[in-house]
Every structure is written in structure tokens, then in C-alpha cells.
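# Breakdown of the fold
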Amino acid sequence: MSTGLSEQELLRRDSLKQLRELGINPYPAEAYEINANAADILVNYEKDKTAYKTISIAGRIMGRNIMGAASFADLQDATGRIQIYLKRDELCPGDDKTLYNTVFKKLLDIGDFIGIEGYVFTTQTGEISIHVTKFTVLSKSLRPLPIVKRDDDGNVYDGFTNPELRYRMRYVDLTVNPDYKQIFINRSKVINTMRNYFDNQGWMEVETPILQAIHGGAAARPFETHHNTLDMPLFLRIANELYLKRLIVAGFDGVYEFGKMFRNEGMDRTHNPEFTAMEIYVAYKDYIWMMAMVEECLEKIAVTIHGTAMVKVGEHEINFAGPYEKLTMYESIEKYTGIDVSSLTEDEIKATCKSLNIAVDDSMGRGKLIDELFSEKVEANLIQPTYITDYPLEMTPLAKKHRSKEGLVERFELFVNGKEIANAYSELNDPIDQKERFEEQLKLAARGDDEAMAMDDDFIRALEYGMPPTSGLGIGIDRLVMLMTNQSTIQEVLFFPQMRAEKKKIELTAEETELFGLVKEESLLTEVKSQLADWSNKKWDLTLKALTGKGILKVTKTDNGLFLSRK
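### Examining the overall build of the protein
- Looking only at helices and strands, one finds 18 helices and 23 strands in the protein.
- Relative to its 567 residues, the protein shows a buried fraction of 44%.
- Of all intrachain contacts in the protein linking residues separated by at least 6 positions in sequence, the fraction that spans at least 24 positions is 63%.
- Per element, the accessible surface of the protein, about 29,200 Å² overall, is 49% carbon and sulfur.

Following this line, the structure appears as C-alpha cells:
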């Protein structure tokens, strides 16, 4: 019976066995002490050669050039790749040359982890390298890495580029395409810069529940689960807004949270069902103050990563230094469509959307219709950072009514390169008004809007105890990182984006293969059984169960008996 392993995988398992037979543990438990890394050596060796006389470093073997009694190899650690030099008679000064001749030359492979001790030197060709005086096997790899080839100038060709494989096997992707690591290093810088900025203002980082009894804080479809002990439904949070505002009620002047949000909706180049957002709430502020804060914070992030507020995004140069352009929601629609929707009724807006070939349905209220019109006709035009402000009341159940404009709320969204990356309000703190807004959302839910918000009685109760004037902000971290790293898809800035279930090759036994070959499309079970008269009923049942269990066949009950077909 086939093991399903490739020739290379079988050879590596044989090498693993031989290492053990030589008394070498391929997966030692002991810590390996390290006092240097590749990047530090390559940058600083020429400045102070005396500092690298005795070093210990560890990493993967990523290339080898074996030349009899001496060899070169490439070692890759978390910081980069460096050449190492091994000489047989120095590694094995006695008669026993097994460590070099057998272990290094025959039993180690590209992808294996080793630790080395030695000293740094410069080769005759001028390459900084490590002269190895001792090496230790740290981990044997049982699968071969994809071979990524480079020309003499270091340019990659024949690389590991298939997105499906790269995203599914990120551990391989970042091993053979280490340049992509910089995306995630910069992602960390984005978050840390933002966190440091908030901490310096005296605002506190907090944590709020991910499992929530009521999905609220945004208009989105939730993931639902069930808690067995409490015997109640729970939802993965779509936002953390309502819990953070409870903490403002509790007396904190500023709270923020970086956290995972979950929305059971579509997936595309800018949407993943699990994503990271930062939300912050600051007491005694409004959305006008928040605009200035956002500009200052984003400029700091751009400068931290790029050394300038100017960031290359696709074909555009984005300037993150403020002040940013400001347009009201109605102004933006009129600017890019010529239509003034401010005084139109719900039916008139619906008719306008249809005339522009924008898909609408009866579940959409006035706010959602305006949102669809804006999304289809305005968003793509907003390349430089632009605040869209003063949204219709129907679109924003959690924002405070505008101080001077009837029917609007004090809200802004920040758009960059045609996508929304931030959303902020002067937060609604009137409990009576908030309850009425939730009730309007319930009416939309009754019309079939599965993104409408639910009533949250405890949040209303919290507001009834009193919440000071507050401004709140949410920023999509993934989209912000896309901008700061010039990536066009969200999958590139997520270590492990959501993927469809992997299709695995199904191995059939000889009997299963024979049975499957006899099955015709839409064959009746009795007809197939008649061709297998020499098979016992028990063998038939077991084989049929195996095939259906593997998802190859399905059995359907009909008036004529059992119906067997390919799945």
C-alpha cells in the first residue's frame, strides 16, 4: 500500500532514522544559547572584527555547496541569511570523520535547523562568512522546501508565488520569501506607534468580551455559537464599542482596545471575516477634536515606517500630513453624481439607485440606500485622505444628533485610496434617544435587514446612569497596514487569512477502487449490487460506508429504494 509520501520525504525519514542510529537526537530538548544573529554580523563585523571571534548562532540550512573536505552553506535565521564555512578536519580532528562525511554531507538537508559555533571572517571573494568550529542538529525537516532561485544580482525567479499556497502555508512562504516578513514587522510598528501615542496621552488599554450575548456596536451579520453550561446563544463580537462606552460611564476618561472582530459576511481583497480593529473613546471630546487627533496619529505612523508623511500606495503618493479634505456625505454624493439626495424620500432614493444600476432590495431603509449610492459612486474617487462627515440620522444609530443640522449626526469616516479606514462619532449619550434608535433598528430587522442592530437593554441602563460627552473612533488595522505597506489585498497583511477547506487527495483501497469503477452516474443501488454477486453483504456495507465517508458517494432514499450517485 502506498504511504502517500514523495521520494524526497521518504529519503528524509530514512536520514532521520540514521541520525538516531548514530546517537544523534534530531529534536533535542536542551536550550541552545545564541549570542549573535545574521543581520548584526553583516552590518557590524567590518566596524569591529574583534567582537565576532567567538559566536553562537542558529537557523535553517537554505543552501549548500559541498566540495569534498570543505563546504559552504547558507544559514538563515530570523534576521537574514549568512554564509557559513565548514572544514572536515577542523570539525573532526580525529580519525572519525562521521560528523562531517555522514551527518553534514549526507543526512542533513535544506530546511534543517542547526546551531553553530565559530568565528566570523571574510572570504577571498569578499563575503562575510562564519567559520564553523562546531555544529549541532536542532531540528530535522521532513518535507523539502520549495526551491526559490536567484540570479547573480539577487533577483528572484521561479519563486514560491502561488497565493493559494502562500496564504495557506505561511510558514513556508515566510521561510522561502523572507522579504515578506517586513510587511509584518511594519504591521507591528503600526500598532506599537499607535499604542505609544495613546499611552502618552494618558489613555488606558483595556480588554472587553469577544463572546457577547447581544451583537451590537455596528451594522453587520454576526457569527453565532452556543454556550452549553449557560444554555444560551452567544455571538462573536462585531464591534467592542458598547462595552468600551460602558467604561466611560464607569469613570475612565480614555480607553482603547486592539482586538479581533468577526463578521459573517463576504470576503474580497479588503474584507476578511476575522479582522483587527482599534477602538478608542475619550470623554469630554467631540468628532471635530477627533479629526485632529487622527491626523496627528496617522502622520506619526507614516513617519515611523517610512521616515516621511508621504507614502507610496499603488500609483499614488498619499500624504498623511494634515489637514485632510472634508466633505459632508450629501456634498460628496452631489460632487461625484450631480444628485442632491438631502431632501429625497426613501422611495425617491431607491428609484435613483435603480436608475444608476445600483442593486437595492425592499429590506433597505433610507440610510442603507444612501450608503449604497455613496459606496458605488463616491468611494473610489477619495484617494488622498478625506473625511466624509455629517451622515444622515438613519445611517448611524450610535452617533449624537448634529448640533446644528436637522436629520444628521456628528460622524465622520476617513477614506484613503478609495477605502474607508476610520469611523468616528460624537457619541450618543442620551439614553431615551438611544433606545428610540435601537427600536428603529428592530423595525429594519423585521423587514429582513440581517445587519440591523439588536436592542441592548443593559447598554441603555448604563447610559441612564450617565455618560459624559464622548468622542469615539474605530480604525481598521488591516486596511491601515495595507496602506502603509503598499499592499492591494488584505490577505497579504494577515499571517493566516481565512481560507476554504483544503482539498486533500483521497486514497482508495483496491476494493474501493473496484466498486467505484462499477458505479455509474445515477445508478440504482440494486443495479450496482447485482454486479457484485460474489461480494458478501458485509463487504458491500463496509466498502459503501468507506466511500460515502470519504465524500465520494452519496446515498439517497427514494420510493424505488436507495439511490447511489457520485457526490
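### Looking at the packing of aromatic side chains
- Applying the stated criterion to the full structure yields 15 aromatic pairs.
- Arranged with centres 6.2 Å apart and planes meeting at 40 degrees, the rings of Phe-495 and Phe-496 form a pair that is tilted.
- Using a relative accessible area of 41% as the deciding quantity, one classes Phe-495 as partly exposed.
- The class of Phe-496 is exposed, set by a relative accessible area of 60%.
- Positioned over the ring face of Tyr-180 is Arg-166, at 4.1 Å from the centre of the ring.
- Between the NZ or CZ atom of Arg-246 and the centre of the ring of Tyr-243, over which it lies, the distance is 4.6 Å.

### What to know about the sheet that holds strand β9 (residues 211–212)
- The sheet built from 3 strands is open, its strands ordered β9-β11-β10 with antiparallel pairing. Both edges of this open sheet fall to β9 and β10 (224–227), since each of them pairs with a single strand only.
- One ladder, built from 2 bridges, connects β9 with strand β11 (residues 232–236); its direction is antiparallel. The partner of Gln-212 across the bridge, within β11, is Phe-235.

### Observations concerning the pattern of salt bridges
- What the rule picks out here adds up to 30 salt bridges.
- One salt bridge connects Arg-143 with Glu-9, and the closest N-O pair in it is separated by 3.2 Å. Here Arg-143 is found in the loop between β5 (128–139) and β6 (149–150), whereas its partner Glu-9 is found in helix α1 (residues 7–21), with 134 residues between them in sequence.
- Its relative accessible area of 9% is what places Glu-9 among the buried residues.
- If you follow the salt bridges from partner to partner, you end up with Arg-166, Arg-170, Asp-173 and Glu-492 in one network.

### Describing helix α14 (residues 457–464)
- Here α14 has its buried residues at Phe-459, Ile-460, Ala-462 and Leu-463. End-on view of α14: buried residues confined to an arc of 155 degrees, all on one side of the axis. Opposite the packed face of α14, turned more than 90 degrees from it, sit the exposed residues Asp-457 and Glu-464.
- A side-chain oxygen of the first residue of α14 lies 3.3 Å from the backbone nitrogen of Asp-458; this N-cap is Asp-456.
- Trailing α14 by a residue or two, Gly-466 shows a phi angle of about 105 degrees, which is positive.

What counts, and where the lines are drawn
Residues numbered from 1 in each chain as written. Predicted model: local features only at pLDDT ≥ 70, side-chain atom pairs only at ≥ 80, totals over all residues. Heavy atoms only, no water. Helix = DSSP H or I, 4+ residues; strand = E, 2+ residues; numbered from the N terminus. Buried < 20%, exposed > 50% of the residue type's maximum accessible area, 1.4 Å probe, protein only. Contact = heavy atoms within 4.5 Å. Areas by Shrake-Rupley, 256 points an atom, 1.4 Å probe, with all protein chains shown as cover. Phe/Tyr/Trp six-rings, centres within 6.5 Å; stacked < 30°, edge-to-face > 60°. Lys NZ or Arg CZ within 6 Å of the ring centre and 35° of its normal. Pairing = 2+ DSSP bridges. Salt bridge = Lys/Arg side-chain N within 4 Å of Asp/Glu carboxyl O. Arc of directions from axis to C-beta. Polar contact = N/O pair within 3.5 Å; in protein donor to acceptor, adjacent residues only side chain to side chain.

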